[in-house]
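Listed here are the chains, written in short residue letters.
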Amino acid sequence: MKYFMLLLPLMCFDQKIYSVDYSSQADVKVYVVDYESQCDLKVYKVDYSSQTNGNEGFWYFVDYASEADKKIYFVEYESQSDLKIYFVKYKSQAGWKNKSKKHLLY
């Protein structure tokens, strides 16, 4: 039980995101698709960092790279991406469609 308590903080992942200017600065290269059916992850942009809930597609965009859990770069072409996302209008729509890519945001 003691060991589980030590690992618990390591298993809690927020999704504070910072968009970088160059692909070389990014942890993940992201492409925004036109249709939900094409994405790996459906993303809902939240208004406050406290609204992020692990690695489930609730993204809070921070103002500084030092505040971010992940730095992303938006690529121009799908073939350049590590992850394809689709921005949804409602929180209930967010989530992974391709769970094999989930590790990219840990």
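Parameters at a glance
- Residues numbered from 1 in each chain as written.
- Predicted model: local features only at pLDDT ≥ 70, side-chain atom pairs only at ≥ 80, totals over all residues.
- Heavy atoms only, no water.
- Core = buried A, V, L, I, M, F, W, Y, C linked by side-chain atoms within 4.5 Å.
- Buried < 20%, exposed > 50% of the residue type's maximum accessible area, 1.4 Å probe, protein only.
- Contact = heavy atoms within 4.5 Å.
- Pairing = 2+ DSSP bridges.
- Helix = DSSP H or I, 4+ residues; strand = E, 2+ residues; numbered from the N terminus.
- Phe/Tyr/Trp six-rings, centres within 6.5 Å; stacked < 30°, edge-to-face > 60°.
- Lys NZ or Arg CZ within 6 Å of the ring centre and 35° of its normal.

1. As for the nonpolar core
The biggest cluster of nonpolar side chains holds 12 residues, and these are Ile 17, Val 28, Val 30, Leu 41, Val 43, Trp 59, Ile 72, Leu 83, Ile 85, Trp 96, Leu 104 and Leu 105. In this view, Trp 96 contacts Asp 40, Leu 41, Asn 55, Glu 56, Leu 83, Lys 101, Lys 102 and Leu 105; residues no more than four positions away in its chain are not counted.

2. Brief notes about the pairing of strand 4 (residues 58-61)
With two bridges joining them, strand 1 (residues 16-19) and strand 4 adopt parallel strand pairing. Pairing of Lys 16 across the sheet is with Tyr 60, part of strand 4. In this sheet, strand 4 lies alongside strand 3 (residues 41-45) in parallel orientation, the contact comprising two bridges. Across the sheet, the residue bridging to Tyr 44 is Phe 58, located in strand 4.

3. Quick look at the pairing of strand 6 (residues 83-87)
For a regular strand, side chains alternate in direction, first toward one face of the sheet and then toward the other. In terms of strand pairing, strand 2 (residues 28-32) meets strand 6 through three bridges, oriented parallel. Note that in strand 6 the partner of Val 32 across the bridge is Ile 85. Of the pairings in the sheet, the one linking strand 3 to strand 6 comprises three bridges and is parallel in character. By the bridge assignment for strand 6, Val 43 is matched with Phe 87.

4. Observations regarding the environment of Ser 66
Relative to the helices and strands, Ser 66 is located in the loop between strand 4 and strand 5 (70-74). Residue classification places Ser 66 among the exposed residues on the basis of a relative accessible area of 72%. Ser 66 sits 48 residues away from Tyr 18 along the chain, and the two C-alpha atoms are 8.7 Å apart.

5. Observations regarding the packing of aromatic side chains
According to the stated counting rule, one finds one aromatic pair in the structure shown. Ring centres of Trp 59 and Phe 61 lie 6.0 Å apart, and the angle between their planes is 70 degrees; this geometry places the pair in the edge-to-face category. With relative accessibility at 0%, the residue Trp 59 sits in the buried group. Cation over ring: Lys 45 sits above Phe 87, and NZ or CZ is 5.2 Å from the ring centre. Lying over the aromatic face of Phe 58, Lys 91 brings its terminal NZ or CZ to 5.2 Å of the ring centre.

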